[in-house]
Amino acid sequence: MVTTRIWDLPTRFFHWLLVASVTGLVVTGQTGGNAMVWHFRLGYAVLTLLLFRLVWGFVGGHWSRWSQLVLSPARVLAYLRGRAAQTWVGHNPVGSWSVLLMLCWLLLQVATGLVSDDEIANAGPLTSLVSGATVSLATAWHKGPGKLLLILLVLAHVAAIAWYRWRKGQALVPTMWHGDKPVPEDVPASRDCLPQRVLAVLLLLACASAVRWLVGLGA
């Protein structure tokens, strides 16, 4: 076993910024009032991060790429039945699906938030581009089932991390913090050099510009 870089720095920054942003979204959404200004800002930040992660899944470090997600139903069943004897370096089959579900659900929440209107003081920037029926449906989903299920997904994610730590002896958080993990010698490491990090910054700026353009469409 050797210590190998699994999660590159951009992936780790994405993860923790997303954690902070989603936490802030839940808090500001529950608080309401003047806090909604930050709710919108954090929503734009989450959309920027999601767009970045989408692209980074093609050009990022080896274990951050979409091709490394284990999505085969057969392998998921084998893992759940305890028949998968291999050691998972990146995300295991269940973790792969949870990552995909979380990102897609966040994207859905942000999309509905862009066209939501509480009919009091806050309206998404793109409400003028869709019908009133669409606004009503999006608002009901965003404030109701969408928010509740997102909170449940987050709690399930935290519970899974705790379960792996106390029942399987696998500490997942430290690896996402410093990026390294003891793995077999023949496992490829994720590229995490200065040019890769510069590329990540440029991509993040491009995604932020795209979100700004999108939000401006409803002006």
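Here, the structure is the one placed above.
Throughout this document, residue positions are counted from 1 along each chain, in the order its sequence is written. pLDDT decides what is reported in this predicted model: residues at 70 or higher carry local features, side-chain atom pairs at 80 or more are listed and counted, and totals for whole chains, interfaces and linings draw on all residues regardless. The side-chain numbers reported here are obtained from all heavy atoms of the structure, hydrogens and water having been left aside.

Caption draft 1: Spatial organisation of the nonpolar core. By convention a nonpolar core is built from buried Ala, Val, Leu, Ile, Met, Phe, Trp, Tyr and Cys residues, the set being connected through side-chain atoms within 4.5 Å. Exposure classes here rest on a 1.4 Å probe applied to the protein chains alone. A residue is buried below 20% of its type maximum, exposed above 50%, and partly exposed in between. Core analysis: the biggest nonpolar cluster contains 28 residues, and F14, L18, V46, F52, L103 and L106 have the highest contact counts within it. Helix numbers and strand numbers start at the N terminus; a helix is a DSSP run of H or I with at least 4 residues, a strand a run of E with at least 2. Every element with two or more residues in this core is listed here: α1 (9-31), α2 (36-59), α4 (93-114), α6 (145-167) and α8 (194-216). Throughout, a contact is declared for two residues whenever any of their heavy atoms are within 4.5 Å. Those residues in contact with V46 that sit more than four places away from it in its chain are L18, S21, V22, L25 and V110. Ranked by size, the runner-up nonpolar core spans seven residues in total, among them I6, W63, V89 and M176.

Caption draft 2: Local environment of the environment of M176. Note that M176 resides in helix α7 (residues 172-178). Judged by relative accessible area, M176 falls into the buried class, the value being 11%. Between the C-alpha atom of M176 and that of R12, which follows or precedes it by 164 residues, the distance is 5.9 Å. With residues up to four places along the chain from it excluded, the contact list for M176 reads W7, R12, H15 and W16.

Caption draft 3: Fine view of the side chain of T175. Relative to the helices and strands, T175 is located in helix α7. Overall, T175 belongs to the buried group, its relative accessible area being 11%. Other than its neighbours up to four places away in sequence, T175 contacts W7, R12, D180 and K181.

Caption draft 4: Focus on α8. Expected span of a helix: the number of residues minus one, times 1.5 Å. Between the first and last C-alpha of α8 there are 33 Å, a value that for 23 residues agrees with the 33 Å anticipated at 1.5 Å per step. Here α8 has its buried residues at Q196, A200, L203, C207, V211 and V215. In this structure, the buried residues of α8 make contact with α1 and α2.

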